[in-house]
Amino acid sequence: MVFGPFTLQWRRPSPNPPSPTALPEGIRRSTVHTASGPLELLTALPTTPFDESTPPLFFAHGGFGCAEIWLQYMQFFAARGYPCYAISYRGHGKSWYPWFWRMYFTSRHTMAEDLAAGLKYVQALESARRKGSNGASDNTTRVVLVAHSAGGALSQYALSRNMIQVQGFCMLAAVPGFGSWSCYKFWALTAPIHFPYRGFHPRYILATIPQIHDAFFTAETPVSHVQRFAPLLAPFESMLWPMQALFAFVTGPDVLSSITGWTGRSPSALKQALFVLAAEKDVLCTPEILSDAALRYRGALRNMVRNGKIDGVEKLDMEAHEHQRTDGQGVRFRVAKGLAHHLQNHEGWERGADEVLKWLEQL
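Keep in mind that this is a model prediction, so the values were computed, not measured.

Thresholds, definitions, all that
Per chain, the residues get numbers from 1 upward, laid out in the order the sequence is written. With pLDDT at 70 or above as the cut-off, local features in this predicted model cover only qualifying residues; side-chain atom pairs require 80 or more to be listed or tallied, and sums for whole chains, interfaces and linings still use all residues. For the side-chain quantities, the full set of heavy atoms in the structure was used; hydrogens and water were omitted. In DSSP terms, a helix is any run of H or I states spanning at least four residues, a strand is any run of E spanning at least two, and both are numbered starting from the N terminus. It is over C-alpha atoms that the radius of gyration is taken, and the globule rule equals 2.2 Å times the number of residues to the power 0.38. Note on classification: 1.4 Å probe, protein chains only; a residue is buried when its accessible area is under 20% of the maximum for its type, exposed when over 50%, partly exposed between these limits. Contact criterion: two residues are considered in contact whenever any of their non-hydrogen atoms come within 4.5 Å of each other. A 1.4 Å probe and the Shrake-Rupley method give the accessible areas. Residues count as covered only by the protein chains that appear here. We treat Lys and Arg as the positive residues and Asp and Glu as the negative residues; His and chain ends play no part in the count. To locate a charge, take NZ of a lysine, CZ of an arginine, CG of an aspartate or CD of a glutamate. For Phe, Tyr and Trp, where Trp contributes only its six-membered ring, two rings pair if their centres lie within 6.5 Å, and the inter-plane angle classes them as stacked under 30 degrees, edge-to-face over 60, or tilted in between. Any Lys NZ or Arg CZ that is within 6 Å of a ring centre and within 35 degrees of that ring's normal is treated as a charge sitting over the ring. A pairing counts as a salt bridge when a side-chain nitrogen of Lys or Arg comes within 4 Å of a carboxyl oxygen of Asp or Glu. To qualify as a nonpolar core, a set must consist of buried Ala, Val, Leu, Ile, Met, Phe, Trp, Tyr and Cys residues joined through side-chain atoms within 4.5 Å.

1. Considerations on the overall build of the protein chain
Point 1. Of the regular secondary structure elements, the protein chain holds 12 helices and eight strands.
Point 2. Taken against the 2.2 N^0.38 rule, which gives 21 Å for 363 residues, the C-alpha radius of gyration of the protein chain at 20 Å falls within 12% of a compact globule.
Point 3. Taking the principal axes of the C-alpha coordinates as reference, the protein chain spans close to 65 × 45 × 35 Å.
Point 4. Burial statistics for the protein chain: of 363 residues in total, 57% are counted as buried.
Point 5. Within the protein chain, counting contacts between residues at least 6 apart in sequence, those at least 24 apart form 75% of the total.
Point 6. For the protein chain, the accessible surface area stands at approximately 15,300 Å², while carbon and sulfur atoms represent 54% of it.
Point 7. Side chains of the protein chain give 34 positive and 28 negative charges; the mean places of these two sets differ by 5 Å.

2. Details of helix 1 (residues 71–78)
Point 1. Burial of helix 1 is extensive: six of the eight residues sit out of reach of the surface.
Point 2. For helix 1, the set of buried residues is Leu71, Tyr73, Met74, Phe76, Phe77 and Ala78.
Point 3. On the buried face of helix 1, the contacting elements are strand 2 (38–44), strand 3 (57–60), strand 4 (84–87), strand 6 (168–172) and helix 12 (350–362).

3. Some thoughts on the packing of aromatic side chains
Point 1. According to the stated counting rule, one finds 28 aromatic pairs in the structure shown.
Point 2. For the ring pair Phe186 and Trp187, a centre distance of 6.0 Å and an interplane angle of 65° mean the geometry is edge-to-face.
Point 3. Given a relative accessible area of 34%, Phe186 falls into the partly exposed group.
Point 4. Taken together, the ring pairs connect Trp10, Tyr97, Phe100, Trp101, Tyr104, Phe105 and Phe236 into an aromatic cluster.
Point 5. Over the aromatic face of Phe76 sits the side chain of Arg80, whose NZ or CZ is 3.7 Å from the ring centroid.
Point 6. When the ring centre of Phe249 is taken as origin, the NZ or CZ atom of Arg108, which lies over that ring, is 4.6 Å away.

4. A few points about the pattern of salt bridges
Point 1. All chains considered together, the criterion is met by seven salt bridges.
Point 2. With a closest N to O distance of 2.7 Å, Glu40 and Arg29 form a salt bridge. In this pair, Glu40 is assigned in strand 2 and Arg29 in strand 1 (residues 28–33), connecting sequence segments 11 residues apart.
Point 3. Taking relative accessible area as the criterion, Glu40 reaches 2% and is therefore assigned buried.
Point 4. Salt bridges here are not isolated pairs; linked through shared partners, they connect Arg29, Glu40, Glu68 and Lys94.

5. Here we look at the environment of Gly199
Point 1. As for its position among the elements, Gly199 is in the loop between helix 5 (191–197) and helix 6 (209–216).
Point 2. With residues up to four places along the chain from it excluded, the contact list for Gly199 reads Pro5 and Trp10.

6. So, the nonpolar core
Point 1. Within the largest apolar cluster, 118 residues are counted, with the highest numbers of intra-cluster contacts made by Phe59, Phe77 and Trp262.
Point 2. When residues in this core are grouped by element, the largest group, nine residues, is from helix 10 (residues 287–306).

Here is the structure:
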């Protein structure tokens, strides 16, 4: 049997960035140029007539992910009129790759700069597209950010530091910004064994198909499905990025203040601009963990409204939500039945996409 460290990749891909691969019809690949290197951006535009009221969607992957994990979601939402974009950070997908040890110690802030660069590029692109459609000079078009797993924590960090502003934010099986120790309980017993055995490689917990299967999918998921998914995972990852999320790094209001979609077509209508979507069988970001995050954000939003900190939303809006017992007082929480952590790549992924669509329709 090959010794553990030698089953994993230690060198960055060649060529760098990797050669492009075929994409489904209706999705194209382009590049966001940054000072550090080129980032992969996937785009799926609707074939339906242009509708200015429909916000663009920006998809952000988690650890070891890439833009291509969103292909099914992009096709689903583009078919329903939403312009869709997905980014790959450095060291992921078809973006540029730092050498191994440089990536190993890449900070959360550096990764967030990649996310912000892609998001701002898309917002400028969509602003220009919408200006061209009506000849008017519009304000910046805010995207709706949909972020998965550690990408959710990265997004909360970027929002809390005012690196980005978005119309709405969906935390999709996302690591909460209030500390992530509990998200790693699943690996608590095996990690101390696999980490040294794999030579302290970042993929020590995702080195084999069974490991990927157990962490990201349900037991009922066919092994063949996991085998088709596995090549999308990055060969190595930043170890500093997730470690910086172990302790709380947001307060709640710092994230919510960078979300602008609390009001809709009616100036006094409180919208659910934050959506926390859990997967029923997720062993990492469990429904209990994400329910707690939703409660924390609801409390923060309630206090912000009462203190006049949300533009266009009055105290009466929050009181009406409380009186009517509507869902979440500005923060929606749902659980996608029968799905595990990588719900967007799961068999039955439509159940999660349907929940996101229902949320988008009320924004």
